[in-house]
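Analysis of the macromolecular model
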Amino acid sequence: MALGIRTEGLRKVYTSAPPSATPGRGIVGTPFAWRTASARRQKVEIVALDSLTLEIAPGEIFGLLGPNGAGKSTTVGILTTRVRPTGGRAWIGEEEVWKRRVSVKRRIAVVPQRPNLDFALTAREILLFHGAYFGIPPAERQTRARALLERFQLTDRADQLVVGFSGGMMQRLSIARAMMHEPDVLFLDEPSSGLDPQTRLLLWEIVREYGARGRTIVLTTHNMEEADDLCGRVAIVDHGRVIALGDPEALKATIPGGHLIRLQLAPRSPELLEALSRTPGVTEVRPVGAAGADVYADRGGPLVPELLNRVLAAGAGVSDVHISEPSLENLFLHHTGRSLRE
Amino acid sequence: MSTFLALLSRDAHVARRNLVPLLLQILLQPMLLVFVFGRVLTTSGYMPLEYKSLLLPGIVALSMMLAGIQAVAMPVISEFQFTKEIEDRLLAPIEIEWVAVEKILAGMIQALIAGLVVVPAAWLIMGRGLALTLPHPFLFALLCCAVALLSSAIGLTLGCSIGQTQIGLMFSLVLAPMIFFGCTYYPWSALEKFPILQKAVLINPMVYSSEGLRSALVPQFPHLPFPAVAGGLLLFNALFVSLGIRQFRRKAVL
């Protein structure tokens, strides 16, 4: 059964450094250490989510797009019961996530950013025990594990410990494990980071196929191509808020002009920017950094000679020109003034 | 329930796979102690023969304590580290507290096995002169369970409170004093000449474990009275089980 996802004013403030950034805390096992640790914790406040409201339809492939630290993983953490929200609420189907953790966990699966496989087990055992945790009967477990190992091209390594697996194999096994109990909602956190192109294509194919079976899929990414290619809708997240939402095509259409020509000028003057913005076809010109200008226009390359003429006519020079087609990357840039990879 | 059993069978499976190194890890140190203190020193006449019987319950308690602590703390520390191996079990359809309880139970079983193995092994190594009695087998079994539970709950508390870099510190700062001031090699009454120390060691849960087993196996030697043993074990079990589960939750849920 396809389940929808809803969040309402979701907020998360980490009072200690978020998990990935902690290199190991001090001993907190003795009473006096607790007190100093909590005193120290109060000083750190990291707002990871700041009132995030979303609605994801049942059966949708939905992308959360944003730079590192935008709050994507925290959103997934809350939706998968692993992070306690500081404020706001979230639902998977009809169940409120934090209140109904066990039944929510039964319906979801997570493919983490970094594989977190059980290193004490072999590939097959990982799938079998995962199935056992979810109460799948033994015979059924065996059948499913065999099919998934085959599907993910892991059969020949099935009975080896996963310690020696390559990154791509571990990622494949993580996805296989997530599908073991056939979750209604599948979360993929940066699924293709660190994957070779071949495995990435296999992953995309599998995600599409799983989505076609009416399952809801949420993926976080900062890979434009991935979001563009896979997702029916994307939410662009920055500083813990949704700053744009819609299907990729519609979102791209909201960028003025669509095409982006980034110029590095020497020198830049307000008069020059003014002259550039009067060029036919240009919809908007924004100063960027010390000497840059972002020119949004309805054309890309064909407009460059005219822009250059205007720059030269103003007695200035151009040290760099970068043209990009309409993309989610430009959309992000347009909304935040920052690149997704920054 | 089926999830809980699956978690337990996963731990059993991993323990079986590592059986030999696990047994060595649990048994080698106590067996060396038994040999040196219980055989060499007594046979050579530096220690009276009775010392064998006095030592054995302490060694059993020590082995159980080490086995339980290591069985829980070590995996918990590494599974919560960078690899986040535990995540799959935290996402299993069961409350997180039950995952902690499962860890405690798995550690308790390993501690009991360690205790069961140490008794006959020590008997063999020490040779003649061991005077064990077992007037109340049921009480002995109960005490063993209490010590095993205590060891594994302490293991969970430690494992969830320290990082990988502090494992060495855990051994030298926590375990070593616990063992040496835990009445493992001497009865509590032997501390009579050190009145302050004698009071101070009462905050050491190990004391109740060794003295408890001493009262059950070699009642002819001085030992803490039963109410004190029972009270101490009960109190420390309650403390460390709740502390362990609390620390586990804090570590697991962000």
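Residues numbered from 1 in each chain as written. Chains lettered and ligands numbered in written order. Predicted model: local features only at pLDDT ≥ 70, side-chain atom pairs only at ≥ 80, totals over all residues.

1. Remarks on the overall build of chain A
Keep this limit in mind: For the purposes of this entry, the term helix denotes a DSSP run of H or I that reaches at least four residues, the term strand denotes a run of E that reaches at least two, and both are numbered from the N terminus. Exposure classes come from backbone-placed C-beta atoms, where a residue is buried if 20 or more other C-beta atoms lie within 10 Å of its own, exposed if 12 or fewer do, and partly exposed in between. C-beta atoms are first placed from the backbone for all residues, and any pair lying within 7 Å is then listed as a contact.
Broken down by element type, chain A carries twelve helices and 14 strands. A burial count over chain A gives 43% of its 342 residues as buried. Partitioning the contacts of chain A with sequence separation of at least 6, the portion at a separation of at least 24 is 73%.

2. A word on the overall build of chain B
Stated precisely, the cut-off is as follows: Note on method: radius of gyration uses C-alpha positions; expected globular size equals 2.2 Å times residues raised to 0.38.
A tally of regular secondary structure across chain B gives ten helices and zero strands. Along chain B, helices and strands appear, N-terminal first, in the series α-α-α-α-α-α-α-α-α-α. At 18 Å, chain B has a C-alpha radius of gyration in line with the 18 Å of a compact globule built from 254 residues. The burial tally for chain B puts 47% of its 254 residues in the buried class. Sequence separation of 24 or more characterises 85% of the internal contacts of chain B that already satisfy a separation of 6 or more.

3. With respect to the pairing of strand E1 (residues 5-14) of chain A
All names here are of chain A. What counts here: The pairing criterion is simple: DSSP has to find at least two bridges between the two strands.
Here E1 runs beside strand E4 (residues 87-92); their pairing, made up of five bridges, is antiparallel. Following the sheet pairing, Thr-7 is matched in E4 by Ala-90. Of the pairings in the sheet, the one linking E1 to strand E2 (residues 46-56) comprises eight bridges and is antiparallel in character. Counterpart to Val-13 in the pairing with E2 is Val-47.

4. As for the packing of helix H2 (residues 19-43) of chain B against helix H3 (residues 51-80) of chain B
Residues and elements named next belong to chain B. What counts, and what does not: In this description, a line fitted to the C-alpha atoms serves as the axis of each element, helices being fitted only across the stretch in contact, and the angle between N-to-C directions of two axes falls anywhere from 0 to 180 degrees. Comment on the angle field: the value is read as roughly parallel under 35 degrees, roughly antiparallel over 145, roughly perpendicular from 65 to 115, and oblique elsewhere. Left-handed describes a crossing in which the near helix is turned anticlockwise from the far one by less than a right angle; the clockwise case is right-handed. Polarity classes work like this: nonpolar for Ala, Val, Leu, Ile, Met, Phe, Trp, Tyr, Cys and Pro, charged for Asp, Glu, Lys and Arg, and polar for all others, with Gly in that last group.
At a minimum axis separation of 9 Å, H2 and H3 run at an interaxial angle of 165 degrees. When the axes of H2 and H3 are compared, the pair comes out roughly antiparallel. Considering how the two elements wind past one another, H2 and H3 form a crossing that is right-handed. Residues Gln-25, Ile-26, Pro-30, Leu-33, Val-34, Phe-37, Gly-38 and Thr-42 of H2 touch H3, and the partners they reach there are Tyr-51, Lys-52, Leu-55, Ile-59, Leu-62, Ser-63, Leu-66, Ala-67 and Gln-70. Counted by class, the contact of H2 with H3 contains eleven nonpolar, five polar and one charged residues.

5. Describing the interface of chain A and chain B
Tallying the contact residues gives 28 residues for chain A and 27 residues for chain B. For the side of chain A that touches chain B, the secondary-structure elements that each account for two or more residues are helix H3 (101-107) and helix H4 (123-133) of chain A. Broken down by class, the residue content of the side of chain A that touches chain B amounts to 14 nonpolar, seven polar and seven charged.

6. As for the packing of helix H5 (residues 96-126) of chain B against helix H10 (residues 226-252) of chain B
Residue and element names in this part refer to chain B. Contact geometry of H5 with H10 gives a least axis separation of 9 Å together with a crossing angle of 130 degrees. Considering their axes alone, H5 and H10 lie oblique with respect to each other. When the axes of H5 and H10 are compared, the crossing they make is right-handed. Facing Ile-96, Glu-97, Ala-100 and Ile-104 of H5, the residues of H10 in contact are Val-241, Gly-244, Ile-245, Phe-248, Arg-249 and Ala-252.

7. Topic: unusual backbone geometry
Residues and elements named next belong to chain A. Phi angles above zero are rare outside glycine, and Thr-81 is one such case at about 70 degrees. Summarising the element assignment, Thr-81 is placed in the loop between helix H2 (72-79) and E4. On the basis of neighbour count, Thr-81 is assigned to the buried category, with 22 C-beta atoms found within 10 Å. Residue Glu-182 is not a glycine yet carries a positive backbone phi of 45 degrees. With respect to the helices and strands, the residue Glu-182 is situated in the loop between helix H6 (167-179) and strand E7 (185-189). You can call Glu-182 partly exposed: it has 15 C-beta atoms within 10 Å.

8. Re the sheet that holds strand E11 (residues 259-266) of chain A
Residue and element names in this part refer to chain A. Strand order in the open sheet formed by four strands is E12-E13-E11-E14, with antiparallel pairing between adjacent strands. Only two strands of the sheet have a single neighbouring strand rather than two, namely strand E12 (282-288) and strand E14 (317-324). Pairs of neighbouring strands in the sheet enclose a mean axial angle of 20 degrees, with direction left out of account. Bridge count for E11 against strand E13 (residues 292-297) is six bridges, and the pairing is antiparallel. Its bridge partner being in E13, Gln-264 is matched across the sheet by Gly-292.

9. Comments concerning the environment of B:Gln25
Looking at the secondary structure, you find B:Gln25 in helix H2. Considered as a pair, B:Gln25 and B:Glu87 are 62 residues apart in the sequence and their alpha carbons are 27 Å apart.

10. Focus: the sheet that holds E1(A)
Taken in spatial order, the four strands make up an open sheet running E2-E1-E4-E5 (chain A), and their pairing is antiparallel. The open sheet has two free edges, formed respectively by E2 and strand E5 (95-96) of chain A, since each of these has just one partner strand.

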